[in-house]
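Residue-level structural notes
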Amino acid sequence: MKPIQKVKFGRTDINVSCFGFGTAPIGNIFREISDDTSDKMIQCAWDAGICYFDTAPMYGHGLAELRTGQGLRWKKREDYILSTKVGRILKPARRQDIDFTPWTNAAPFTMHFDYSYDATMRSLEDSLQRLALEHIEICFIHDIDVFTRGEQQPEVFAQAMDGAWKALERLRDEGVIKAIGVGVNEWEVCHKALEQRDFDCFLLAGRYTLLEQDSLDKFLPLCEERNAAVVVGGGFNSGILATGAIEGAKYNYAPAPADIMEKVSKIESVCADHKVPLPAAALQFVVAHPAIPTFMAGTRTVEQLKQNLDWFNHNIPKEFWAELKDKGLLRNDAPTPV
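Reference entry: report on the structure contained in this document. Computed from a predicted model, the values in this text were never measured in an experiment.

**Topic: the pattern of salt bridges**
One side chain can pair with another of opposite charge once the charged atoms of both are near each other. In the structure shown here, the tally under the stated rule is 20 salt bridges. Arg77 is the salt-bridge partner of Glu137, the closest N and O atoms lying 2.8 Å from each other. Residue Glu137 is located in the loop between α3 (117-131) and β8 (138-142), and its partner Arg77 is located in the loop between α2 (63-72) and β5 (81-86); the two are separated by 60 residues in the primary sequence. Overall, Glu137 belongs to the buried group, its relative accessible area being 5%. Note on Arg77: relative accessible area 8%, which makes it buried. Connected via shared salt-bridge partners are Arg11, Arg172, Asp198 and Asp200.

Next comes the structure, spelled out in C-alpha cells:
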C-alpha cells in the first residue's frame with residue numbers, strides 16, 4: 001500500500017494527510033462499537049500514515065473526544081494534527097435523563113447549543129480536558145446551518161459570527177490554535193462566513209461529491225482566492241456512493257430518490273467499463289480540487305478502514321474521468337485526479 005501523502009493545509013503552516021480519520025463512528029453513532037475496536041482503528045490509521053484526526057463534542061456526547069485522546073495519548077504530539085469543534089456545551093447528567101439519539105451508549109453528558117464568546121472559550125477548554133492533550137491545531141464552529149438549526153439559523157449564524165468568531169480569533173492570535181473554520185452541511189453557509197470573516201478553513205459535509213458540485217459556482221473559487229482550505233466529509237453522500245444504487249441505498253441520511261438512483265447507476269456503468277470501484281472514484285475525486293487538501297472518512301471496523309485505504313490507492317485511468325464528463329455525469333469544470 002502506498003503511504004498516505006501529506007499536503008499543506010491552505011495558508012497555514014500545517015501539513016495534513018490527504019486521507020483523514022473522522023471520529024463520529026467511535027462516538028457510537030447509530031450503533032455501538034467497543035473501546036478495543038476504536039483503539040485498533042486509530043492505530044491502523046496511524047500505521048497507514050494518517051496524521052489528521054477530526055473530532056467534536058457532539059460525537060457521542062463527548063465519547064469520541066475521550067476515545068480519540070486515548071488512542072493518540074502516547075503518540076508524539078508534533079506528529080499529528082487534531083481538529084475539534086465548538087457550538088455545544090456538554091453538562092454531566094444521569095444516563096436515564098439523556099436522549100442520546102442518534103448515538104448509542106454515549107458519554108453521560110447533555111448537549112446545549114451556545115455560540116457565545118464565553119461558551120466558545122469553555123467549550124475548547126472542555127475538549128482539551130476530555131482529550132487530555134495540551135493543544136488543538138484546528139477548531140471549527142459547528143452546525144450553524146439550516147440543516148441543523150432550521151428557522152433559527154439566521155440568528156444562530158449571527159451569534160456565531162460575533163461571539164464564537166471573536167473567541168477563536170483571539171485564540172488564533174495568541175497561538176493557542178493555528179486555524180479556525182466552520183463545519184456545516186451547506187456550502188452556502190461556508191461561503192457567507194468566508195465573505196464576512198477571515199476564516200482559514202471549512203469542513204463541508206456531503207456538498208462536494210461525485211453527485212454534487214454546485215459549490216464550484218461560488219464557494220470553492222472564493223476559497224482558492226483566499227487560500228482557505230476545505231475538508232470534505234460525507235464523500236459517499238451518506239451511503240449511496242459506497243453501496244451503489246441498491247435497494248435501500250441512502251442519500252443524505254434518507255432513502256435515495258429516483259433521480260439520484262438513476263445517476264448513480266449511470267456512473268456505475270462507466271465504473272464497470274474502466275474496472276474502477278465506485279467508492280474509489282468517490283474518495284479520489286474530492287481531493288483533486290486545489291482548495292481541498294484532505295477528506296474525512298469515518299469507519300466502524302478496521303476492515304472498513306483498510307478497504308477505504310485500498311480504494312483511495314486504486315489506480316484510476318484519466319479516460320474514466322473524461323467519460324464521466326462526456327456523458328454529463330460530472331461537471332466539465334470539476335478538477336479530476338492526475
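**A few points about the pairing of strand β14 (residues 294-297)**
Burial along β14 is two-sided: Thr294 and Met296 and Phe295 and Ala297, pointing in opposite directions, are all buried. Here strand β3 (residues 19-22) pairs with β14 via three bridges, running parallel. From the neighbouring strand, Gly20 faces β14, where its bridge partner is Met296. With two bridges connecting them, strand β11 (residues 229-233) and β14 associate as parallel partners. Bridged to Val232 within β14 is Phe295.

**Re helix α11 (residues 302-313)**
A rise of 1.5 Å per residue sets the reference length of α11, with its 12 residues, at 16 Å; its end C-alpha atoms lie 17 Å apart and thus fit the reference within 8%. Residues Val302, Leu305, Asn308, Leu309, Trp311, Phe312 and Asn313 constitute the buried set of α11. Taken together, the buried residues of α11 touch β3, α1 (35-47), α10 (278-286) and β14.

**A few points about α2**
Across the 10 residues that make up α2, a large majority, eight, are buried. Looking at the buried residues of α2, the elements they touch are α1, β4 (52-54), β5 and α3.

**Brief notes about the pairing of strand β10 (residues 201-205)**
Strand residues, when the strand is regular, have side chains that alternate between the two faces of the sheet. Counting buried residues along β10, four of its five residues qualify, which places the element largely inside the surrounding structure. The pairing of strand β9 (residues 179-184) with β10 spans four bridges and is parallel. Counted as the bridge partner of Val184 is Leu204 from β10. One crossover worth recording links β9 to the parallel β10 by way of helix α6 (residues 187-196), and it is right-handed. Handedness of the crossover is the feature at issue here: the chain leaves β10, passes through helix α7 (residues 219-226), returns alongside β11, and the resulting connection is right-handed.

Reading guide: rules and limits
- Residues numbered from 1 in each chain as written.
- Predicted model: local features only at pLDDT ≥ 70, side-chain atom pairs only at ≥ 80, totals over all residues.
- Heavy atoms only, no water.
- Salt bridge = Lys/Arg side-chain N within 4 Å of Asp/Glu carboxyl O.
- Helix = DSSP H or I, 4+ residues; strand = E, 2+ residues; numbered from the N terminus.
- Buried < 20%, exposed > 50% of the residue type's maximum accessible area, 1.4 Å probe, protein only.
- Pairing = 2+ DSSP bridges.
- Expected span 1.5 Å × (residues − 1).
- Contact = heavy atoms within 4.5 Å.
- Right-handed = clockwise from strand over helix to strand, strands pointing away.

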